[in-house]
Amino acid sequence: PNEPPLVFHWFPIIGSTITYGMDPPRFFKENREKYGDCFTFILLGKKTTVYVGPKGNDFILNGKIRDVNAEEIYTVLTTPVFGKDVVYDCPNSKLMEQKKFMKIALTTDAFRQYVPIISDEVTNYLKRSADFKGKSGIVDIPPKMAQITIFTASHALQGKEIRDKFDETLADLYHDLDMGFSPINFMLHWAPLPWNNRRDYAQRTVAKIYMDTIKERRARGETGAQDIMWHLMNSTYKGDVPVPDHEVAHMMIALLMAGQHSSSSTSSWIMLRLASRPDIMEDLYNEQVKALGADLPPLTYEDLAKLPLHAAIVKETLRLHAPIHSIMRAVKTPMPVPGTKYVIPTDHVLLAAPGVSATDECYFPQPELWEPRRWEKDSPLAPTIIRNVPAEEDDEKIDYGYGLVSKGANSPYLPFGAGRHRCIGEQFANVQLQTITAIIVRNFKFRNVDGSDKVIGTDYASLFSRPLEPAKIYWERREG
Ligand code: HEM
């Protein structure tokens, strides 16, 4: 009786699954116009309550632990891929401790080492890739960016030892793990289907590779490489409980997988957007020349701070192409929605879609326009919210056990989420994406094959909002 309005549908169970699945952002927009910011639809037989806008983002993402639960929803997808006893296969308090351990690999000191590693990986990739031979050509961007992402992330986050294995066995194994991350597995995760069998074999094999590496390191008594595996091996849970080897291994998988799709799809969108706006790609090149010198010396972490347009490219691309369009929570106690008569019952799932407010003209003038310069202070396209709500730096901070996190309450722009499940990889992703962009800009000019300013549509059939494929662009080597 006090439930939010139910989206009209013809068939039970199926409900709105198809219209939602084909284009979630359009589904949210259309139903918001009809029903308001808070409404319910049927997703695979489940009553799913969407609450969009900054208030909705806050209601769901900053929900109390007794009210909302993430692991119940995600575990069927993630546990077979990551392995047992980590992330969503353990109580939330344990995840908070694990996020604290993982964050140690993501400090400024670490980033200082990562920038040269990432630059070299990109440079070497561009040199050896058959698709970038000669002076110009046409290339399908997403598969290239997927490879660049895995090589850069694995080398930076997991060390050279593991990175080298990606040229041999690990790439195929991670590909099989990936196949576990498909929406169909929300229903069929348990089924002995070919791709699930390959997923399970890959999980065991990859975990064993990490566990063998851990054992070898212990046997050698190694203390030299203070990389992420070393940190995880030497972390202890509350009460001085060491982290078991299999949990170290499973966190290593989780860390790489968590970022892979998001970063890979974002870097593809960046390249496709640049191909649609060659003028901005030129501006990026000129920004580097001006800030770093015409000889363009090897890139450092400190240099990134001198390249605000590079940072804005990432920010603006995530505004229009946030890889995660739907964030879900199980409802554990009936939840009254403040300021309304609605109460969300425990048989509902809550769905936050921060992408809706990020493309709402109330906050972002000309919301569909990709314009990195809107993030400059005095831009006429600057987000209106900046004028009435504290900037992220001044926002209220909470410690959920893995360091201070901005509440992000009432922000219309939350590509990395908010609250206890907020992303720990934001800074890494920024470093990685800005570095990849900088190196590619040094080497190439891009444009659309037909010279237009069009961008390709989004593929929502996977869990992440990736470009439809093939997504080809024309490249030309920069002279000099
Ligand atoms: C959580 C986005 C890259 C590790 C999240 C969440 C979002 C997100 C929206 C919240 C999910 C939820 O509330 O249910 C992104 C985007 C990325 C990115 C847009 C890149 C452009 C990364 C990277 C890493 C990473 C590179 C690892 C190095 C994590 C982890 C969580 C998380 C561990 C916590 C999950 C939880 O507490 O439930 N990310 N992410 N992410 N992300 Fe990221």
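Residues numbered from 1 in each chain as written. Predicted model: local features only at pLDDT ≥ 70, side-chain atom pairs only at ≥ 80, totals over all residues. Heavy atoms only, no water.

Asker: Please explain the site of the ligand as it appears in this structure.
Answerer: The local shell around the ligand holds 26 residues, among which Tyr 88, Lys 99, Arg 329, His 421 and Cys 423 are the closest. A distance of 2.9 Å separates an oxygen atom of the ligand from a polar atom in the side chain of Tyr 74. In the environment of the ligand, an oxygen atom lies 2.7 Å from a nitrogen or oxygen atom belonging to the side chain of Lys 99. Per element, the largest residue contribution to the shell around the ligand is six residues, and it comes from helix H13 (residues 245–276). Taken together, the residues of the shell around the ligand sort by class into 16 nonpolar, seven polar and three charged. (Near = heavy atom within 4 Å. Polar contact = N/O pair within 3.5 Å; in protein donor to acceptor, adjacent residues only side chain to side chain. Helix = DSSP H or I, 4+ residues; strand = E, 2+ residues; numbered from the N terminus. Nonpolar A, V, L, I, M, F, W, Y, C, P; charged D, E, K, R; others polar.)

Asker: Just to check I follow, could you spell out the environment of Glu 216 for this structure?
Answerer: Mapped onto the secondary structure, Glu 216 falls in helix H11 (residues 194–220). When its relative accessible area of 43% is taken as the criterion, Glu 216 is described as partly exposed. C-alpha of Glu 216 to C-alpha of Thr 266: the two residues are 50 residues apart in sequence and 36 Å apart in space. (Buried < 20%, exposed > 50% of the residue type's maximum accessible area, 1.4 Å probe, protein only.)

Asker: Teacher, can you tell me more about helix H4 (residues 71–82) here?
Answerer: It helps to recall that an α-helix has 3.6 residues per turn; residues three or four apart then point in one direction. Between its first and last C-alpha, H4 extends only 13 Å over 12 residues, short of the 16 Å set by a 1.5 Å rise per residue. Among all positions of H4, only Glu 71, Ile 73, Tyr 74, Leu 77, Thr 78, Thr 79, Val 81 and Phe 82 are buried. Directly after H4, the chain includes Gly 83, whose backbone phi takes a positive value near 110 degrees. (Expected span 1.5 Å × (residues − 1).)

Asker: How do you make sense of the packing of aromatic side chains when you look at a structure like this?
Answerer: Aromatic rings in a pair are described by how distant their centres are and how their planes are angled relative to each other. The full count for this structure, using the stated rule, is 22 aromatic pairs. Residues Phe 101 and Tyr 237 carry aromatic rings whose centres are separated by 5.3 Å and whose planes lie at 55 degrees to one another, so their mutual orientation is tilted. Here Phe 101, found in helix H5 (residues 92–103), pairs with Tyr 237, found in strand E5 (residues 236–237); they are 136 residues apart in sequence, far enough to count as distant. Here the two residues Phe 101 and Tyr 237 agree in accessibility, since each one is buried. Grouping aromatic residues by their ring pairs yields a cluster made of Tyr 20, Phe 27, Phe 28 and Phe 41. In this structure, Arg 128 packs its charged tip against the face of Phe 151, placed 5.2 Å from the ring centre. (Phe/Tyr/Trp six-rings, centres within 6.5 Å; stacked < 30°, edge-to-face > 60°. Lys NZ or Arg CZ within 6 Å of the ring centre and 35° of its normal.)

Asker: Is there a simple way to think about the coordination of the iron atom of the ligand in this case?
Answerer: Octahedral six-donor coordination of a metal ideally yields angles of 90 or 180 degrees, compared with 109.5 degrees for tetrahedral four-donor coordination. Of the protein atoms, Cys 423 (SG) alone serves as a donor to the iron atom of the ligand, at 2.3 Å. With respect to the helices, strands and loops of the structure, Cys 423 is situated in the loop between strand E12 (404–406) and helix H18 (426–443). (Donors = N, O, S within 2.8 Å, 3.2 Å for Na, K, Ca; no water.)

Asker: Please clarify how the confidence of the model for the protein should be interpreted in this entry.
Answerer: Parts of the prediction with low pLDDT should not have their coordinates interpreted in detail. Mean pLDDT for the protein: 93, with 97% of residues reaching 70 or above. This prediction of the complex comes with two scores: 0.96 for pTM and 0.99 for ipTM. (pLDDT = per-residue confidence, 0-100.)

Asker: Help me out: how do you make sense of the sheet that holds strand E13 (residues 444–448) in this one?
Answerer: Hydrogen bonding along the main chain pairs the strands of a sheet, whether they run parallel or antiparallel. If you trace the three strands from one edge of the open sheet to the other, you get E4-E16-E13, paired in antiparallel fashion. Two strands lie at the open edges of the sheet, namely strand E4 (136–140) and E13, each paired on one side alone. Going from strand to strand, the sheet's axes swing by 30 degrees on average, the running direction of each strand aside. Pairing of E4 with strand E16 (residues 472–477), which is carried by five bridges, proceeds in the antiparallel orientation. Looking at the pairing, Val 139 lines up with Ile 473 of E16. (Pairing = 2+ DSSP bridges. Axes fitted to C-alpha atoms, helices over the stretch in contact; angles between N-to-C directions.)

Asker: Help me understand the pairing of strand E2 (residues 46–51), please; the structure alone is not making it clear to me.
Answerer: Sheet faces and side chains relate simply in a regular strand, where the side chains alternate between the two faces. In this sheet, E2 lies alongside strand E1 (residues 38–43) in antiparallel orientation, the contact comprising six bridges. When the bridges of E2 are listed, Cys 38 appears paired with Tyr 51. Here E1 folds back onto E2 in antiparallel fashion, the turn holding two residues, of which Leu 44 has a positive phi close to 50 degrees. Pairing geometry for E2 and strand E10 (residues 348–352), over four bridges, is parallel. Residue pairing in the sheet places Thr 49 in a bridge with Leu 350 of E10.

Asker: Whenever I open this one, a nonpolar patch on the surface confuses me. Can you help?
Answerer: On the surface, a cluster of nonpolar side chains totalling about 900 Å² of accessible area is made up of Phe 8, Trp 10, Phe 11, Ile 13, Ile 14, Ile 18 and Met 22. Relative to the assigned elements, Phe 11 resides in the segment before helix H1 (17–22). The exposure class of Phe 11 is exposed, given its relative accessible area of 53%. (Patch = residues over 30% accessible without salt bridge, like charges linked within 9 Å, V, L, I, M, F, W, Y side chains within 5 Å. Areas by Shrake-Rupley, 256 points an atom, 1.4 Å probe, with all protein chains shown as cover. Salt bridge = Lys/Arg side-chain N within 4 Å of Asp/Glu carboxyl O.)

Asker: What is the right way to read the sheet that holds E1 from this model?
Answerer: What the five strands build is an open sheet, ordered E1-E2-E10-E7-E3; its pairing is mixed. If you trace the sheet from one side to the other, it starts and ends with E1 and strand E3 (68–69), each paired once. In terms of strand pairing, strand E7 (residues 327–331) meets E10 through four bridges, oriented antiparallel. Note on E10: the bridge partner recorded for Ala 330 is Val 349. Of the strands in this sheet, E3, E7 and E10 touch H4, which is tilted by about 125 degrees from E7. (Contact = heavy atoms within 4.5 Å.)

Asker: How do you make sense of the environment of Pro 336 when you look at a structure like this?
Answerer: Along the chain, the position of Pro 336 falls in strand E8 (residues 335–336). Each C-alpha atom, one on Pro 336 and one on Val 115, is 47 Å from the other, the two residues being 221 residues apart in sequence. Excluding its chain neighbours within four sequence positions, the residues that come into contact with Pro 336 are Phe 59, Tyr 342 and Val 343.

Asker: Which parts of the structure should I look at to understand the packing of H11 against H13?
Answerer: How two helices pack is summed up by the angle between their axes together with the distance between the axes. Relative to each other, H11 and H13 sit at 120 degrees, their axes nearing to 9 Å. Viewed along their axes, H11 and H13 adopt a mutual orientation that is oblique. Relative to H13, H11 is oriented so that their crossing is right-handed. Along the contact surface, H11 presents Gln 203, Val 206, Ala 207, Tyr 210, Met 211, Ile 214, Lys 215 and Arg 218, while H13 presents Asp 245, His 246, Val 248, Ala 249, His 250, Met 252, Ile 253 and Leu 256. Residues belonging to the contact of H11 with H13 are distributed by class as follows: 10 nonpolar, three polar and three charged. (Parallel < 35°, antiparallel > 145°, perpendicular 65-115°, else oblique. Left-handed = near helix turned anticlockwise from the far one by under 90°.)

Asker: Is there a simple way to explain helix H2 (residues 24–35) in this structure?
Answerer: Between the first and last C-alpha of H2 there are 16 Å, a value that for 12 residues agrees with the 16 Å anticipated at 1.5 Å per step. Here H2 has its buried residues at Pro 24, Phe 27, Phe 28 and Asn 31. Buried positions in H2, seen along its axis, are confined to an arc of 95 degrees and lie on one side of it. Pointing more than 90 degrees away from the buried face of H2 are the exposed residues Lys 29 and Glu 33. Packed against the buried residues of H2 are H1, E1, E2, E10 and helix H17 (354–358). (Arc of directions from axis to C-beta.)

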